[in-house]
Amino acid sequence: GAGVSQSPSNKVTEKGKDVELRCDPISGHTALYWYRQSLGQGLEFLIYFQGNSAPDKSGLPSDRFSAERTGGSVSTLTIQRTQQEDSAVYLCASSVGLRGQFFGPGTRLTVL
Amino acid sequence: RKEVEQDPGPFNVPEGATVAFNCTYSNSASQSFFWYRQDCRKEPKLLMSVYSSGNEDGRFTAQLNRASQYISLLIRDSKLSDSATYLCVVTRSGGANNLFFGTGTRLTVIP
């Protein structure tokens with residue numbers, strides 16, 4: 001069956017530009033997570049959506065970061081006025097209940 | 001104290017060896033436990049869930065010790081393709097972000 005998909009797979013942008021990253025979770029998965037991972041580092045939690053509840057935004061590093069999840073399905077992570085330290089792989093994962101998460105292939109963001 | 005702690009390694013073992021990783025968790029209310037593997041420059045992939053009674057999947061055995069709050073992963077007859085980073089994941093109900101990742105243990109299987 002279809003897994004989690006993310007687009008674009010790679011994004012190169014200039015410092016100061018805005019970017020939008022998209023995640024399509026597995027159908028029926030109520031929970032959706034965004035993480036980012038720098039090379040050789042662990043996963044850094046960003047934001048968590050669960051059904052219709054208010055999202056947990058506690059991991060967002062600054063107010064330049066925001067995310068939406070429309071209709072309980074597709075999610076968009078937006079980074080405004082990108083900085084070089086935003087360069088990382090942005091991973092989306094979905095799950096249902098207390099079962100394990102399934103990750104998308106990630107979006108590799110490079111800010112020049 | 002971190003929610004989940006793992007020895008980062010690296011573990012370098014010869015092909016055919018048996019290797020074990022442990023992971024400790026701090027919250028006794030933790031409910032579900034998983035092992036993931038992550039290959040270089042790839043996303044984490046679910047390897048196996050960890051059940052209270054312990055469970056096995058081929059060469060892989062996972063165990064949970066609730067009293068001591070740790071989980072383990074045993075890999076028998078290591079293959080070159082087992083080289084990866086192994087991540088321990090713990091979940092608990094309640095709260096918003098209820099899922100916690102360890103930083104991973106790096107394994108390299110040497111020919």
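I will try to describe carefully the structure that is included in this document. (Residues numbered from 1 in each chain as written. Chains lettered and ligands numbered in written order. Predicted model: local features only at pLDDT ≥ 70, side-chain atom pairs only at ≥ 80, totals over all residues. Heavy atoms only, no water.)

### Thoughts on the layout of surface pockets
Right, so step 1: When its volume is computed, the largest pocket comes out at roughly 680 Å³.
Right, so step 2: As for the largest pocket, its lining consists of 29 residues, of which Gln37(A), Gly40(A), Gln41(A), Gln38(B) and Arg41(B) are closest to the centre.
Right, so step 3: Only β8 (88-95) and β10 (107-111) of chain A together with β9 (84-91) of chain B provide two or more residues apiece to the lining of the largest pocket.
Right, so step 4: The leading source of residues in the lining of the largest pocket is β8(A), at three residues.
Right, so step 5: When grouped by side-chain class, the residues that make up the lining of the largest pocket number nine nonpolar, 14 polar and six charged. (1 Å grid on protein atoms, 1.4 Å probe; cavity = no way out; pocket = protein on both sides within 12 Å on 5 of 7 lines; lining within 4 Å. Points joined across faces, edges and corners; volume = space filled by probe spheres on them. Helix = DSSP H or I, 4+ residues; strand = E, 2+ residues; numbered from the N terminus. Nonpolar A, V, L, I, M, F, W, Y, C, P; charged D, E, K, R; others polar.)

### Some points on the state of the cysteines
Right, so step 1: Applying the stated rule across the entire model yields two disulfides over all chains.
Right, so step 2: Bridging Cys23(A) to Cys92(A), the disulfide has an S-S length of 1.8 Å. On the sign convention where negative means left-handed, the S-S torsion of about -60° between Cys23(A) and Cys92(A) marks this disulfide as left-handed. Within this pair, whereas Cys23(A) is found in strand β3 (residues 19-24), its partner Cys92(A) is found in strand β8, the two being separated by 69 residues in sequence.
Right, so step 3: Take Cys23(A): its relative accessible area is 0%, and that puts it in the buried class.
Right, so step 4: By relative accessible area, Cys92(A) is classed as buried at 0%.
Right, so step 5: Note on cysteine connectivity: Cys23(B) is disulfide-linked to Cys88(B), with sulfurs 1.9 Å apart. (Disulfide = S-S within 2.5 Å. Buried < 20%, exposed > 50% of the residue type's maximum accessible area, 1.4 Å probe, protein only.)

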